[in-house]
Each structure stands twice: as structure tokens, then as C-alpha cells.
Number of protein chains: 2
Amino acid sequence: METFLQEAKEASSIVATLSGTVKNQVLNDMATALIDNSERIEEENKKDIVAGKENNLDAALMDRLLLTKARISDMATAIREIAVLKEPVGRILEGWTTDTGLNIQKITVPIGVIGIIYESRPNVTSDTAALCLKSGNVCILKGGKEAQNSNKIIATVLQEALVKNNLPKAIVSLLPDASREGVAKLIKQDEYVDLIIPRGGHGLIKYISSNASVPVIKHDKGLCHTYIHKDADVNKALDVSINAKCRRVGICGAMETLLVDENIAPTILPQLKVAYANYETELRGCVKTQKYIEVTTATDEDYATEYLSNILSIKVVSNVAEAIAHIRTYGSDHSDAIITENYTDAEIFMNSIDSACVYLNASTQFTDGGQFGFGAEVGISTNKLHARGPMGIEGLTTYKFKIYGSGSTRA
Amino acid sequence: METFLQEAKEASSIVATLSGTVKNQVLNDMATALIDNSERIEEENKKDIVAGKENNLDAALMDRLLLTKARISDMATAIREIAVLKEPVGRILEGWTTDTGLNIQKITVPIGVIGIIYESRPNVTSDTAALCLKSGNVCILKGGKEAQNSNKIIATVLQEALVKNNLPKAIVSLLPDASREGVAKLIKQDEYVDLIIPRGGHGLIKYISSNASVPVIKHDKGLCHTYIHKDADVNKALDVSINAKCRRVGICGAMETLLVDENIAPTILPQLKVAYANYETELRGCVKTQKYIEVTTATDEDYATEYLSNILSIKVVSNVAEAIAHIRTYGSDHSDAIITENYTDAEIFMNSIDSACVYLNASTQFTDGGQFGFGAEVGISTNKLHARGPMGIEGLTTYKFKIYGSGSTRA
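Keep in mind it's a predicted model, so treat the numbers as computed, not measured.

Moving on to helix H3 (residues 38-54) of chain B. All names here are of chain B. End to end, H3 covers 24 Å across 17 residues, agreeing with the expected 24 Å (1.5 Å per residue, within 8%). Within the span of H3, buried status applies to Ile 41, Glu 44, Asn 45 and Asp 48. The buried residues of H3 occupy an angular sector of 100° when the element is viewed end-on, so they sit on one face. Among the exposed residues of H3, those pointing more than 90 degrees away from its buried face are Glu 39, Glu 43, Val 50, Lys 53 and Glu 54. Those residues of H3 hidden inside the fold are in contact with helix H4 (59-65), helix H5 (69-83) and helix H7 (148-164). Once H3 ends, the next one or two residues include Asn 56, with phi positive near 55°.

Here you go:
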């Protein structure tokens, strides 16, 4: 482990100062190498597929695991798209001259060595490696056990492209000990590792952020709300509420709880019931909700649950203050929306809700780096510090100060 | 503890949305209250002074502990200076419209509840409380045991100003259980606390960053270097080297190791010896150094030590690459400088050294928020993420996205 980490740290000083031209050349070579090695990759992927069947993985997981020529080609395309992003390193964020004559530049630099812990889909391996390389970072990848053969061959192919360009393999590597103990060790190596990004279940993320001494950027749960205010436009409210829940139920930006103002509840709840019936969404509601539509009872536990499935909790609230209080109690500070034509209450809601993304008259499913126009997405951070919400490639950089003097001494 | 933290969290939603006008009014009231209560404060401070004498605290520590009318007046002035800073909350950092017609604002918001753990000087209590209030945060303060009576009365006086303005006392509070166990509990409360800022000894900081589940912004050690390149201007090199070491030896930006290029060593080392003799600086050097001047031998342990006292390690290096390698091995990524007139090597050094502050022809003692023009300083972060190096009040804010749609749904 020690030697492995030392190599990673040494490689980080090499990749940090590569020019954009070189990095893009390597990225394009990586893309080509993936396509040229499609058969090798499919062969190794088959081992994971066979093991997955033996272990009775569910159909959705098996589908995410499978690599075909077309999917490998998509992985290559994703790398080429990362190559054409604007160079993220060396951007001067601010610059000024002090009274004492120092010229100060605040300039973006890579973070260093980044450990990424993720599950199942093997394309995350190539996406993440490409994002880290483009931003001048070394990555240590730890994918899911069920994709181990696929991840290993993908990393090997990417390393071949590094070696072809006379760069150390350690710029992209898999954690050698991929066991739970290996992860437990990795997250304590603050001397070598600068950042851990865990992507996966709530338990894994909780474990890592409680035990890491390395800083962590979490990609944790989204318990998202939409609040239909009394002055909502009914059609907008219907469109947005359906989209926020039903477009895709399994993503972190999907709405889990719908809050309905009591003044609009008699009008809109019956229409919502009809609309959700088309999507076979299971509705659960509070006692007040049950005055207007027939639904099973929502418990406190429902309001605290990120279903990630086709179930929706509904609560009738008496005003914007009650909506805000509910979200404060049950929300996860991810994405929350208000539907209203009322300017004052819209701003009260948007300023009071302390979530990464707060929406007016829009679906919470927009929380996504691609939708925000970030070009490539590292993920959706539920951290408050450094990177919050949809995280583009600049989230993989930090800054330093370059200070130019003229023999300057401090008085 | 639970009730205390709940009150802090509730207070955070109140202070987060206060207008600048209200916050400034409270800050000015706090300043006035400190002066009006000078006698009460001095009285409580005397208890700490008496206890300090009983515990044989050293003279420097005793001096830092002492509060006089003049020092209390300085604390009030510092608060008034924080009040006039530009409002840090609600700044729109970026804004754009997406292809799908969403209008997105990336806007600064307070972090929430901040725990600050610090030592000795009681003025940190009022400075920190004022910085946190100005940036819309609740602070939980844990000062040194030796200043407990002083900190308690200062916090009480600040709370009286909050109450006078109908605001909850919990906006500024002392950690009720200030024992080591109390701190151990606090740093695990990620449900209530958003950030821990430890300021103090390396041991304390190491303990906190290894054990916290709350994110930490460290203010750790500075093992700073100055490298005199072969093409240095000798006068600049002498001025800067003396200033970097001798202006103040006990601050984190003070130079601990001087690297001298072998091509300039014969010229400059004898001059440096004379110059440092004026400041009675103890010099320790490598074998090559000892060829030119008489000094005791510097060991590997010397190069790894942050002296914070009037001792300087010297090493003769053969080129910029060896200087960079030495700093990578022994440095703490805080502040490092090169003295040269050579443009190419200057940029190689400044781009390769991964420190918060990299200087050309300037003293590392400039690493200070005041010197950078930040107006008020939270401290000097040795984190890579969120805030790096001198940390102004904007380091106490984060951002969120406000997204304005028109009934927008995602395709």
C-alpha cells in the first residue's frame, strides 16, 4: 500500500504540470485504445456477467454491468468530449496588486491524488479517469466487486495509453486491496491522498465520512420536495409535479414529497390524482390530503424516506412557513422547488431553503451537471464546502496564490 | 448537548437571512457593549490571570491572556471594522441561462453552524463571533481553559447585544462542555454542525481532522522555505531572507529552511552569516554549507522541523529541481519563495511547488489576510479544499444555486 501511494503521489506532481495539449493527446489515445481493445474488454466483462448470474444480481444491475461494443464506443466518446473541455488548470480566478506592491494571482491548480469509491457501472472507471487526468489529478479507483474484471481491463487499457505517452501508469490506478479493509486504510492516508469521493449507498457514504481523515466530497441522498403554493399556476404545477416525480424515479433529483398549500389543495389534488394514475404512482398522504383524495396514510417515516421508486408522499400545509419548516425537518438539502406566481413568497422560499439547488417553477430533476451546462459532470455533491450540487470538472481543482514581488519585505 | 445543538441549528436559520443593516447594527452594539462592560470583563480576566500565575504559565502566554481597557477597546474596534466589510452573503458569483430556458444564479450563502476551537488569546472570541455573525453563521466557540473566565464574560456581553436586538443568544455561544470529551462529541455532530475550524497546536489539529465527521478547515503548521537561485539579485536575496526569518520568528509564515544554489553559495553565504548575526539567529547547515561558513550541522530532523524560533536550517542545492524536490519532501505546502531574476526558473518553481502561497522575490511573512487586502482574516488555512491559504470572510460562506423556470420540465 505504502509503495503504491508513494507512486501515486509522485505521479501527481507530473500530471499536475502537463500542458493541455499533452493531456488531450493522452485522452484521445485512451479513447482509441478502448475501441481497439473492445474484444479484450468484452471478454473480461463476460467473467463479471457470469459471476453476476451466479450471484443472482437483479436484472437492472446486470444491465448496468454489461459492456457491448456500442457501450465501449460510448465510453470512448465520453473521453473525447472531456478532452475538448476548456483547460481547467491555470485559470486566473482573480488578480490584484497590494498597497505594498505585490502582484497576486489566485490561480486554479489540481487537487492532487483523488480516491473515488463507486459501484457497479464500469463506464464510471473511464469517465472518472478522464475527468481526473483532464484536471491534472491522479486517481485511485475502487469500483464495485461485481465489476472487478471489467474495471481491471479498462484501467489496464487506459494505462497502456499513458505508457505510450511516456507517462507513469500510476496516474490512473485501481486500489490494489479492494476489500473493505483496503478502503478503510485508503481513507486514512491524508499524507498521500488529498480527496475521497464516495458515490454509492447512504451506508457507505456515512461510513466513509465518519472514518476518513482525508477530506470527503459526498454524493449522498436527495430527499427532494416540491411545494405547490396557493398562487401557483395550476398547469405549471401539474406539469412540474409529474415531471419531478415520474420522469425518472430512481435519481437523486427525483421528488419524494409533494407539499400542497391548503388553499389550492381542493382544486389541484383531484387533478394530481388523475395525472399520477397515468404513471401508476403510489400516493400516500396526510389526514388533510385524505379530505380531498383517497390515498393511504403517509407516516413520519414516509416523509423521512428517499424512496427512489414510484411512490410519492403528499402533505397539505397552511403556508410557505410551514412548507419551509417541513423541508428543514425532513429534507436532505439537495433540491427543492416552489411553484408559484407570487414573487414575495417565491423569494422567501428560495432564500430560506438551505439546499444546493432551489427551484422556482421548475422540476427538481434538472439537478444535473449536463443540464446546468457544465459539459461533464463529476457528480452531485451533497457537501456544503468546496463543491455543492452539480459538480463540473472545476470541482476537481483547487487554487493557490502566486505572489510576485521585487525584493519585497514585510514591515 | 443535544438541546444546545438544536438551538444552534435553529438560530442558524435566523441569522442566515438577516439583512446587512441588521447585522451591522448588532455588531456595533456588540462593540459598544464591550467598552461599556470593560470593568466586568477586566474583573473576570483577573481570575484567569491569578489562575495562570498559580499554574506558572510562561510570560508570553500571560501577556496574551491579559485584558486591559486599551485591549478591550481594540477588540471593539476590530468588530467595527468587520461591520464595515462588504456584505458577504447574497453575492451572485455567476449567473447564466441554459438552453432549456432556466435562469441560474450561483449565490453566496452562510455555511450554517461553525465550531471554532482555539487557544489562549481572548480577543479571538470576539473577532470570531463578529466574523461569523457578519457572514450569517452561528458560532460555537471553544477557547483555551486558561482563558475560560475571560471568554465567558466576553460571550455573555456579546449575547446581551444579540438579545437587545431580539435575536437568539445561540447565535454566539461557548461549547457548554469544554473538556476534551466535549470537543470529541462536537466534532462528530455532522447533523448539527457544518464546519469545524481548529486553530492551535499540530497535535490538536491532527486529532480533530482524524476524528471529526464534520468537515474541518485546518490552520496547521507552516514549514516555509526560501530558495536563493543562482541568478538571484544578491541585495534582494539578503533583504528577503532576513525578513522571512527574523521579522517575527513565531508565525506560521516564518521561513524555517533556506535553500541556496551552489553557484551563488560562495558569494552569499558569508554575507548571510554576517546579516543573521545581527539578529542572533542560530544557523544550522549541510556539509556543503559548512564549506563556506562555520555552522553546526543540520540533520534531516532539522529540515522536518517547524522551529517557530530563531533557528534557521540551511541547505546548498545544485539547481531548481533539487530545491523543488527538497520542498516536496519536507515542506508543509504553506508558503515558499524563490529569489531570482531568471524568468524561466521562477515560473518552473512557482508552478511546481504545490503550496498555498508561492512567492517570487518576496518574503513568506506576507502570508496574512490583512497583507493580501482581505480586510479581516479568519486565519491561514492549510486545507486544499474550499479555502486555501489566507482566508478572508468569504471563506465563511458557501454557495447555492437559485434556478428560475417557467413551469420547466426536463425532457
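Attention now moves to the relation of the copies chain A and chain B. Relative to chain B, chain A is turned by 180° and slid 0.0 Å along the rotation axis, the superposed coordinates differing by an RMSD of 0.0 Å. What we have between these two chains is a two-fold relation. Ranked by how close their C-alpha atoms come to the rotation axis, the residues of chain A are headed by His386(A), at 2.0 Å. Of the residues that chain A buries at the interface, 100% are likewise interface residues in chain B, meaning the two copies contact each other through the same surface.

To continue, consider the UniProt feature "domain: Aldehyde dehydrogenase" (unreviewed entry) in chain A. Summarizing the sequence annotation, UniProt attributes the feature "domain: Aldehyde dehydrogenase" (unreviewed entry) to residues 4-278 of chain A in the numbering used throughout. Along residues 4-278 of chain A the backbone is 51% helical and 16% strand, and the end-to-end C-alpha distance reaches 54 Å.

The subject of this paragraph is the nonpolar core. Within the largest apolar cluster, 135 residues are counted, with the highest numbers of intra-cluster contacts made by Met30(A), Ile114(A), Val138(A), Ile196(A), Met30(B) and Ile196(B). With residues up to four places along the chain from it excluded, the contact list for Met30(B) reads Ile79(B), Ala130(B), Leu158(B) and Ala161(B).

What follows concerns unusual backbone geometry. Residue and element names in this part refer to chain B. Positive phi values are uncommon outside glycine, yet Glu 280 reaches one of about 55°. Looking at the secondary structure, you find Glu 280 in the loop between helix H11 (265-277) and strand E9 (282-285). In the Ramachandran plot, Asn 361 falls in the positive-phi region, its phi being about 50° despite a non-glycine side chain. Examined against the element boundaries, Asn 361 turns out to sit in strand E13 (residues 357-362).

Residues and elements named next belong to chain A. Counting buried positions along strand E4 (residues 138-142) gives five out of five residues, so the element sits mostly inside the fold. A two-sided burial pattern is seen for E4, the buried positions comprising Val 138, Ile 140 and Lys 142 on one face and Cys 139 and Leu 141 on the other. In terms of strand pairing, strand E3 (residues 113-117) meets E4 through five bridges, oriented parallel. Counted as the bridge partner of Gly 115 is Ile 140 from E4. Pairing of E4 with strand E5 (residues 172-174), which is carried by three bridges, proceeds in the parallel orientation. What sits directly across from Cys 139, in E5, is Val 172. As for the winding sense of the linkage, the β-α-β connection from E4 through helix H7 (residues 148-164) to E5 is right-handed.

Reading guide: rules and limits
Residues numbered from 1 in each chain as written. Chains lettered and ligands numbered in written order. Predicted model: local features only at pLDDT ≥ 70, side-chain atom pairs only at ≥ 80, totals over all residues. Helix = DSSP H or I, 4+ residues; strand = E, 2+ residues; numbered from the N terminus. Expected span 1.5 Å × (residues − 1). Buried ≥ 20, exposed ≤ 12 C-beta atoms within 10 Å, placed from the backbone. Arc of directions from axis to C-beta. Contact = placed C-beta atoms within 7 Å. Least-squares fit on C-alpha atoms with pLDDT ≥ 70 in both. UniProt positions renumbered as here; feature names shortened; annotations may be inferred. Core = buried A, V, L, I, M, F, W, Y, C linked by C-beta atoms within 7 Å. Pairing = 2+ DSSP bridges. Right-handed = clockwise from strand over helix to strand, strands pointing away.

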